[in-house]
Amino acid sequence: MEICKLEHIHKDYRMGEIVTPLKDISLTVNKGDFIAVEGPSGIGKSTLLYVMGTLLKADEGIYTYGGKDVSQFNDAQKSEFRAKKIGFLFQDSTMIQALTLRENLIFTQGVGGNKKNLKKVDELLYQFGLEDRADFFPHQLSGGQRRRAMAARCLIHEPELILADEPTNDLDEHWSEEIIRILKEQTTKGTAVVMVTHNSRWAGQATRRLRLEDGVLADIAE
């Protein structure tokens, strides 16, 4: 079953000169997909995830989610859409510094009118090895602990689509493997994952591998 579809997406940045990371992107994401997007640094992989998460608007093309054209959403509708449907695991994600880790998860869970489930919060803290850090503030966590905390936050509202940008950065081998395992596990429940990675080992865990180059996506032959 289709979750979302990008058709001929084009995105420019104007910074003195025009840079076009996305020239003609077409992609269909179905329930349970695990898609890895590879390519050189600075090529536009993160831009693609930002467009899919409605954090950036494409200059041309059509992006539909659940059959609806998201370009027609107003800001409030986009915020609700992100809160209910999308799980973000981005490198530049931040938590609310005035709240403890547990409070951050509870807050995120309730955004967009989602029901709060404290049992789910505790389960995720345990799953990511953070139960003893539940009452710590974000600045008290190590880089790896913050990355795991952001992964827990990504899953707290049981999203339909997870957008992961280099999700194993700052993690040791054990937790890198765990993050990939957990992402794969989510796809067995019908959640779709689109993951940007430079690591061919982790990309090899995906059910579909794509390469972004010269503004277009192409399947990587097995």
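Look up: the structure comes first, before these words.
Residues numbered from 1 in each chain as written. Predicted model: local features only at pLDDT ≥ 70, side-chain atom pairs only at ≥ 80, totals over all residues. Heavy atoms only, no water.

Caption draft 1: Geometry of empty space enclosed by the protein. According to the stated counting rule, one finds one cavity of 30 Å³ or more in the structure shown. Of the pockets and cavities examined, the largest cavity occupies roughly 40 Å³. For the largest cavity, the full set of lining residues is L89, F128, A151, C154, L155, I179, I182 and L183. Elements represented by at least two residues in the lining of the largest cavity include exactly α5 (143-155) and α6 (173-187). Each residue belonging to the lining of the largest cavity can be placed in one class, and the counts come to eight nonpolar, no polar and no charged. (1 Å grid on protein atoms, 1.4 Å probe; cavity = no way out; pocket = protein on both sides within 12 Å on 5 of 7 lines; lining within 4 Å. Points joined across faces, edges and corners; volume = space filled by probe spheres on them. Helix = DSSP H or I, 4+ residues; strand = E, 2+ residues; numbered from the N terminus. Nonpolar A, V, L, I, M, F, W, Y, C, P; charged D, E, K, R; others polar.)

Caption draft 2: Region of the structure containing the environment of I220. By the secondary structure assignment, I220 is in the segment after β10 (216-219). Accessibility expressed as a relative area gives 26% for I220, which makes it partly exposed. Residues I220 and P159, spaced 61 residues apart in sequence, show a C-alpha to C-alpha distance of 27 Å. (Buried < 20%, exposed > 50% of the residue type's maximum accessible area, 1.4 Å probe, protein only.)

Caption draft 3: Up close: the pattern of salt bridges. In the structure shown here, the tally under the stated rule is 14 salt bridges. For D122, the salt bridge goes to R102, with nearest N and O atoms at 3.0 Å. Here R102 lies in helix α3 (residues 101-110) and D122 lies in helix α4 (residues 118-127), a separation of 20 residues in the sequence. On the accessibility criterion, R102 (23% relative accessible area) is partly exposed. (Salt bridge = Lys/Arg side-chain N within 4 Å of Asp/Glu carboxyl O.)

Caption draft 4: Representation of the pairing of strand β2 (residues 17-30). Sheet topology places strand β1 (residues 2-15) next to β2; nine bridges connect them, and they run antiparallel. Residue pairing across strands places K11 opposite L22, the latter belonging to β2. Hairpin connection between β1 and β2: a loop of one residue separates the two successive antiparallel strands, and G16 in this loop has a positive phi of roughly 85°. (Pairing = 2+ DSSP bridges.)

Caption draft 5: Region of the structure containing the packing of aromatic side chains. Tallied over the entire structure, the rule returns four aromatic pairs. Between F88 and F90, the aromatic rings sit 5.2 Å apart at their centres with planes inclined by 75°, giving edge-to-face as the arrangement. Comparing F88 with F90 shows no difference in burial state: the two are buried. Members of the aromatic cluster, joined through ring pairs, are Y50, F88 and F90. (Phe/Tyr/Trp six-rings, centres within 6.5 Å; stacked < 30°, edge-to-face > 60°.)

Caption draft 6: Geometry of the nonpolar core. Within the largest apolar cluster, 34 residues are counted, with the highest numbers of intra-cluster contacts made by L101, L125, F128, L155, I162, L183 and M195. Those elements that provide at least two residues to this core are β3 (34-38), α3, α4, α5, β7 (161-165), α6, β8 (192-196) and α7 (200-203). No other element matches α5, which puts six residues into this core. If sequence neighbours within four positions are ignored, F128 has contacts with R148, A151, A152, L155, W175, I179 and I182. The next biggest cluster of nonpolar side chains, apart from the first, holds 30 residues, and it includes L27, M52, F90 and A192. (Core = buried A, V, L, I, M, F, W, Y, C linked by side-chain atoms within 4.5 Å. Contact = heavy atoms within 4.5 Å.)

Caption draft 7: Quick look at the sheet that holds strand β4 (residues 60-65). Taken together, four strands build an open sheet; the order of strands is β2-β1-β4-β5 and the sheet is antiparallel. At either end of the open sheet lies a strand with only one pairing partner, and these are β2 and β5 (68-69). Contacts from helix α1 (residues 45-52) reach β1, β2 and β4, with the element oriented near 125° to β1. (Axes fitted to C-alpha atoms, helices over the stretch in contact; angles between N-to-C directions.)

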